[in-house]
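Each chain is listed here by its residues.
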Amino acid sequence: MPPSVTPADGPSLDAPVTLRPLVRADLPLLQRWLAAPHVHRWWFHETTDEALERDFGAGLRGEEPGEDLVVELGGVAVGLVQRARWQDYPDEVATIAPVLALPPGALTVDYLVGPVELTGRGLGPRIIGAAVDGGWVRYPDATAVVVPVVAGNRASWRALERAGFRRVATGELPPDNPADPPLSHVYRLDRPPGPR
């Protein structure tokens, strides 16, 4: 099983943040993260073995256009990033269309920090930055990253702001957790100028 950080033996917060593809051996760790109250509150993901296979199995088999990426801090698994092109998910494009017209080739990211003891310590913006920087390389035609966040998840949208995103829209979108009202903020970061 991949190592996960604990308060006693975790890596330094100054350690490098890197991303690697999710592998099947990561699923027990991901299952624990998704069940943790601070993650489950916003991701609201089922954590049975069957649910993980349903939602992550296609990606593990290379059948999913989006990416599931494990975040490592100094080589220790500490979180998950999902990165995708909006155009690969037409239903999602239709859902956000009344709130915002997406730029051509737009990407989106979602992210979680697994160990609760690493939340609120500035790691989120670094994870987002790594996901975005890797996205520019992997998707050379991407012009922007557009991320909707339920308005109540202040920590998430503040992390986006600290990573350089700007709020470009607010409107009603279906929340992951039905306990949340549908009000969401939409954030955007444009590809920096320069050669691709």
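As shown above, the structure is provided for reference.
Please read all numbers here as calculations on a predicted model, not as lab measurements.

Turning our attention to the overall build of the protein. The helix and strand tally for the protein stands at six helices and seven strands. Its C-alpha radius of gyration of 16 Å places the protein within 12% of the 16 Å reference for a compact globule of 196 residues. Counting only residues that meet the buried cut, the protein has 44% of its 196 residues in that class. Partitioning the intrachain contacts of the protein with sequence separation of at least 6 by distance along the chain shows that 69% fall at a separation of at least 24. For the protein, the computed accessible surface area is about 9800 Å², with 55% contributed by carbon and sulfur atoms. Taking the average location of the 19 positive side-chain charges in the protein and that of its 25 negative ones, the two points are 7 Å from each other.

Turning our attention to the side chain of asparagine 177. Looking at where asparagine 177 falls in the secondary structure, it is placed in the loop between strand S6 (166-172) and strand S7 (183-190). For asparagine 177, a relative accessible area of 7% gives the class buried. Ignoring anything within four residues of it in the chain, the contact list for asparagine 177 reads His40, Arg41 and Phe44.

The next thing to look at is the packing of aromatic side chains. The full count for this structure, using the stated rule, is zero aromatic pairs. The side chain of arginine 41 reaches across the aromatic face of tryptophan 42, ending 3.9 Å from its centre.

The next point concerns the pairing of strand S3 (residues 76-85). Most of S3 sits out of view: eight of its ten residues are buried. The pairing of strand S2 (residues 67-73) with S3 spans seven bridges and is antiparallel. Residue pairing for S3: leucine 73 is matched across the bridge by valine 76. The hairpin formed by S2 and S3 contains two residues between the paired strands, and glycine 74 there has a positive phi angle of roughly 60 degrees. With seven bridges connecting them, S3 and strand S4 (residues 107-113) associate as antiparallel partners.

Criteria and thresholds
Residues numbered from 1 in each chain as written. Predicted model: local features only at pLDDT ≥ 70, side-chain atom pairs only at ≥ 80, totals over all residues. Heavy atoms only, no water. Helix = DSSP H or I, 4+ residues; strand = E, 2+ residues; numbered from the N terminus. Rg over C-alpha atoms; globule rule 2.2 N^0.38 Å. Buried < 20%, exposed > 50% of the residue type's maximum accessible area, 1.4 Å probe, protein only. Contact = heavy atoms within 4.5 Å. Areas by Shrake-Rupley, 256 points an atom, 1.4 Å probe, with all protein chains shown as cover. Lys, Arg positive; Asp, Glu negative; His and termini not counted. Charge placed at Lys NZ, Arg CZ, Asp CG, Glu CD. Phe/Tyr/Trp six-rings, centres within 6.5 Å; stacked < 30°, edge-to-face > 60°. Lys NZ or Arg CZ within 6 Å of the ring centre and 35° of its normal. Pairing = 2+ DSSP bridges.

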